[in-house]
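Descriptive analysis of the structure
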Amino acid sequence: MEKYAHTSEDGTRKQTVAEHLMGTAELAACFAAPFGAQEVAQAAGLLHDIGKYSDAFQRRLLEGGGRTDHSTAGAQVAFRQRMAEVAFAVAGHHGGLPDGGSRLDGPDSPTLLGRVKRSVEPFGQWEKEISPPTGGVDRKFQKDNFTDAFFTRMLYSCLVDADYLDTETFMNGSPAPRGGSVSIGELLSRLERYIAPWWEPDTDLNRRRCAILRQCLTGGSQWEKGLYTLTVPTGGGKTVSSLAFALSMAKAQGMSRVVYVIPYTSIVDQTATVFSQILGEENVLEHHSGADYAVEEGGSPAAYRKALATENWDAPVVVTTAVQFFESLFAAKSSRCRKLHNLANSVMIFDEAQTLPVPYLAPCVEAISQLVQHYGATAVLCTATQPALEPLFQEAAPDLPIREICPDTQGLYQAFRRTTMKTLGEISRETLLEEWQGRPQFLCVVNRRKTAQELYSSLPQEGSYCLTTLLCPADRKAKLGEIRRRLREGLPCRVVSTSLIEAGVDVDFPIAYREEAGLDSIMQTAGRCNREGKRLAEESVVAVFRLTERPVAMIAQNIAAARQVLRKHQDPASPEAIREYFQFYRTLKGEEALDQKQILDLFRRGYQGSCFPFAEVARRFRLIESPTVPIYIPVGDGARLVELLREGRWSQGLFRALGQYVVNVYPQHYQALFDAGALEQVEEAAVLRDPAFYHGDTGLQLDVETGKGWFL
């Protein structure tokens, strides 16, 4: 008697369990091939749905019967065959990787050791149709619990992606239109055509940029896979140069894709736009919380392929955020883990590597080391201020060398030195405003949004700008466009901003001011001063000041480390000073602070008796600790989009467009605005009801009076 895994929506077609198991096994083995785990992945595919052979599941599928557990059966078989990795993957292929648990766990426990004791419906027919391995599977590497756990999650990724794809193919009646991108070799050719006009530089600065680019192209084509750094001063063209290294290595080594990891969504959008111009939009996948691709009736095939690619990163170039990347590597849910196997045999570029979050630095370094050592990946730490991570990588992977792509770091620094740093010490706001008198163009970066708004209010209205995250992205982009135009035309342009302008924003001011912060942040501000080297370095001053008010507590140790370096080094922007800053900063934080949530200890020492606490780790690993609430702002085209929201015409495409008209606030600020009657709730979305709370020059106003709300 045939046993079925799926029926089509119209009920006219059926897929047998054996067909689904063998199709999934074949795909899973293919996905695991880059890291030599075809056999164990095939076993997971063959076992994952053997519970569907039970009469209970057949009644549910064919007669509309009640829900039944079909995952535990395969996990139990794998566990008895001493294939613990397979047991975890099979047990979690729908609900997520479980904690391992202890041998004291009973059958009602959600842990793996609880589930293997659970009674399941008989499923005996599977042995007549399926022949998985009958013993433990030998792996090429095995070091410790973290290594084993990482392998298990990668195996899980292969299984769940294969399961989704085989099911999707059956339900659609044909394979979904995935892929469709050009080869890595063609992408490299497109890049070479794009940069061809650059090889006849007209300035000394451009000649040096070309030298960096040439080193990246040559190194990528000649060197082996591994761990690299790319230390290029701001203005050295590291974005395109790092892409050149990645594509050159990917072609030379037969690698599958390039994954570009960026700390902030604002730079993701900017970088993805540049890459799309070079490589073709269809070949670049932008993936973060604000970049959902619509799958709608009548949409283009290219848009549909991109929407599908966000599920498993099946694209040649992926541009994503550090949050998306690292939280996925420590996730337990199938939706987050599904793409992980596509990191194998890839080139990963970590842009602005100095921003890797300190509370999670140790597990992030361990994860990168795993991918490079065991999964055929290459990692490049790309920044103007290398964070001196060598000791952490040496601890995580003693046999993994780190190679600098452009080794003349000191020479590059001298060549690209375009500013002079000075310290103003502690000054009042009044003194700072006096300092600005007679300066038609300057940038000032401060640590608080409120400080930026208040300083801005004291400036002349014409030619003055305030940039903070309280402005929606559309308004920020418009203001940056005006700022660049005024700078080019020599018009008055006074900008007070929070740190959002520091990362990857291409502006060029004659002088800059920076409120005390970490040295890396100060250097980022310096990168917005004399960016094109059109002025003498001695005339292009970056002035560091301390306001006579309480500093921001969360960056107090960054400030302390920066002060130490500023006292000791005549040139705090030198590579030696930057290295000392990061070393001293981590000394202040202490080793424990590098793994604040004890992620590594959870795997090495166990949690509540379990050596593999996948679910617990996923709960703890959150790079953004304070969740924010989105508020949609009906300004510009956002007013039309908000009306569509009110009409109930919800779609991924609508929310992606609304992403340009959103301000994210902390829950206490959201509550204050709600209590003031400033917000309208549209289903689960919040819309600014009262336009008086959003100013086009400073953004959303958070200093609201409560008690003005009304009830409907």
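A few points on the structure. (Residues numbered from 1 in each chain as written. Predicted model: local features only at pLDDT ≥ 70, side-chain atom pairs only at ≥ 80, totals over all residues. Heavy atoms only, no water.)

1. Brief notes about the overall build of the protein
Scanning the protein for helices and strands turns up 29 helices and 21 strands. What you see for the protein is a C-alpha radius of gyration of 27 Å, in line with the 27 Å of a compact globule of 712 residues. A principal-axis box enclosing the C-alpha atoms of the protein has dimensions of 90 × 65 × 50 Å. Taken over 712 residues, the protein has a buried fraction of 57%. Once local pairs closer than 6 in sequence are excluded, the contacts in the protein between residues at least 24 apart make up 75%. Summed over its atoms, the accessible surface of the protein is roughly 30,400 Å², and 48% of this surface lies on carbon and sulfur atoms. Of the charged side chains in the protein, 77 are positive and 87 negative; the average position of the first set lies 2 Å away from that of the second. (Helix = DSSP H or I, 4+ residues; strand = E, 2+ residues; numbered from the N terminus. Rg over C-alpha atoms; globule rule 2.2 N^0.38 Å. Buried < 20%, exposed > 50% of the residue type's maximum accessible area, 1.4 Å probe, protein only. Contact = heavy atoms within 4.5 Å. Areas by Shrake-Rupley, 256 points an atom, 1.4 Å probe, with all protein chains shown as cover. Lys, Arg positive; Asp, Glu negative; His and termini not counted. Charge placed at Lys NZ, Arg CZ, Asp CG, Glu CD.)

2. Digging into the sheet that holds strand E12 (residues 464–467)
Within a sheet, adjacent strands bond to each other through the backbone by hydrogen bonds, running parallel or antiparallel. Ordered by their spatial adjacency, six strands build an open sheet running E10-E15-E14-E11-E13-E12, and the pairing between neighbours is parallel. Edge positions in the sheet fall to strand E10 (420–427) and E12, since each has one partner strand and no second. Neighbour to neighbour, the strand axes of the sheet diverge by 15° on average, direction disregarded. Of the pairings in the sheet, the one linking strand E11 (residues 441–445) to strand E14 (residues 512–515) comprises three bridges and is parallel in character. When the bridges of E14 are listed, Val-445 appears paired with Arg-514. With respect to the sheet, helix H20 (residues 449–456) is in contact with E12, strand E13 (493–497) and strand E15 (541–547), its orientation differing from that of E12 by roughly 170°. Set on the sheet, helix H21 (residues 473–489) makes contact with E11, E12 and E13; between it and E12 the angle comes to about 140°. (Pairing = 2+ DSSP bridges. Axes fitted to C-alpha atoms, helices over the stretch in contact; angles between N-to-C directions.)

3. Section: the side chain of Asn-530
Here Asn-530 is to be found in the loop between helix H22 (519–526) and E15. A polar atom in the side chain of Asn-530 sits 2.9 Å from the backbone oxygen of Arg-535. (Polar contact = N/O pair within 3.5 Å; in protein donor to acceptor, adjacent residues only side chain to side chain.)

4. Describing the sheet that holds strand E17 (residues 662–665)
As summarised here, the arrangement of the four strands in space is E17-E16-E19-E18, forming an open sheet in which the pairing is mixed. Sheet topology places E17 and strand E18 (679–682) at the edges, where each strand pairs with a single neighbour. In this sheet, neighbouring strand axes are inclined to one another by 35° on average, regardless of whether the strands run parallel or antiparallel. Judged from the four bridges that link them, E18 and strand E19 (residues 685–688) form a sheet pairing that is antiparallel. Bridge pairing in E19 places Leu-679 opposite Leu-688. Here helix H27 (residues 638–646) sits on the sheet and contacts strand E16 (629–632), E18 and E19; the angle it forms with E19, its principal contact strand, is near 140°.

5. Thoughts on the packing of aromatic side chains
Within the structure shown, the criterion is met by 26 aromatic pairs. The interplanar angle of 40° and the centroid separation of 6.3 Å between the aromatic rings of Phe-146 and Phe-330 together place this pair among those described as tilted. In this pair, Phe-146 is assigned in helix H8 (residues 145–172) and Phe-330 in the loop between helix H14 (322–329) and helix H15 (334–337), connecting sequence segments 184 residues apart. In this pair, the class of Phe-146 matches that of Phe-330, namely buried. Aromatic side chains Tyr-228 and Phe-245 sit 5.2 Å apart centroid to centroid with 65° between the ring planes, which places their arrangement in the edge-to-face category. With Tyr-228 in strand E3 (residues 227–231) and Phe-245 in helix H11 (residues 238–253), the pair connects residues that are 17 residues apart, well separated along the chain. Taking the relative accessible area as the measure of exposure, Tyr-228 reaches 4% and is therefore buried. (Phe/Tyr/Trp six-rings, centres within 6.5 Å; stacked < 30°, edge-to-face > 60°.)

6. Some points on the environment of Gln-681
Along the chain, the position of Gln-681 falls in strand E18. It is 47 Å that separates the C-alpha atoms of Gln-681 and Ala-244, two residues lying 437 residues apart in sequence.

7. Digging into unusual backbone geometry
With a phi angle near 50°, Asn-530 is a residue other than glycine that sits in the positive phi range. Overall, the relative accessible area of 0% leaves Asn-530 in the buried class. In this structure, Gln-598 is a non-glycine residue whose phi angle is positive, near 55°. Structurally, Gln-598 can be placed in the loop between helix H24 (575–589) and helix H25 (599–604).

8. A look at H27
Working note: α-helix, 3.6 residues per turn, so residues spaced by three or four point in the same direction. Burial in H27 covers these residues: Gly-638, Leu-641, Val-642, Leu-644 and Leu-645. Axial view of H27: buried residues confined to an arc of 155°, hence all on one face. (Arc of directions from axis to C-beta.)

9. So, the nonpolar core
The biggest cluster of nonpolar side chains holds 114 residues, and the ones touching the most others in it are Val-86, Phe-325, Phe-326, Leu-329 and Leu-371. Of all the elements, H8 adds the most residues to this core, at twelve residues. Ignoring any residue separated from it by four or fewer positions in sequence, one finds Phe-326 in contact with Phe-350, Leu-356, Cys-364, Ile-368, Phe-621 and Leu-623. Residues Ala-512, Ile-633, Ala-686 and Phe-693 belong to the second largest nonpolar core, which totals 49 residues. (Core = buried A, V, L, I, M, F, W, Y, C linked by side-chain atoms within 4.5 Å.)

10. Considerations on the packing of helix H1 (residues 17–32) against helix H2 (residues 38–47)
At their nearest, the axes of H1 and H2 sit 7 Å apart, and the two run at 155° to each other. It follows from the interaxial angle that H1 and H2 lie roughly antiparallel. At the point where H1 passes H2, the crossing takes the right-handed sense. Contact residues: Leu-21, Met-22, Thr-24, Ala-25, Ala-28, Ala-29 and Ala-32 in H1; Gln-38, Ala-41, Gln-42, Gly-45 and Leu-46 in H2. Split by residue class, the contact of H1 with H2 holds eight nonpolar, four polar and no charged. (Parallel < 35°, antiparallel > 145°, perpendicular 65-115°, else oblique. Left-handed = near helix turned anticlockwise from the far one by under 90°. Nonpolar A, V, L, I, M, F, W, Y, C, P; charged D, E, K, R; others polar.)

11. A look at the packing of H14 against helix H16 (residues 361–374)
Between H14 and H16, whose axes approach to 10 Å, the crossing angle comes to 75°. Viewed along their axes, H14 and H16 adopt a mutual orientation that is roughly perpendicular. Contacts from Phe-325, Phe-326 and Leu-329 of H14 reach H16 at Cys-364, Ala-367, Ile-368 and Leu-371. In terms of residue class, the contact of H14 with H16 is built from seven nonpolar, no polar and no charged.

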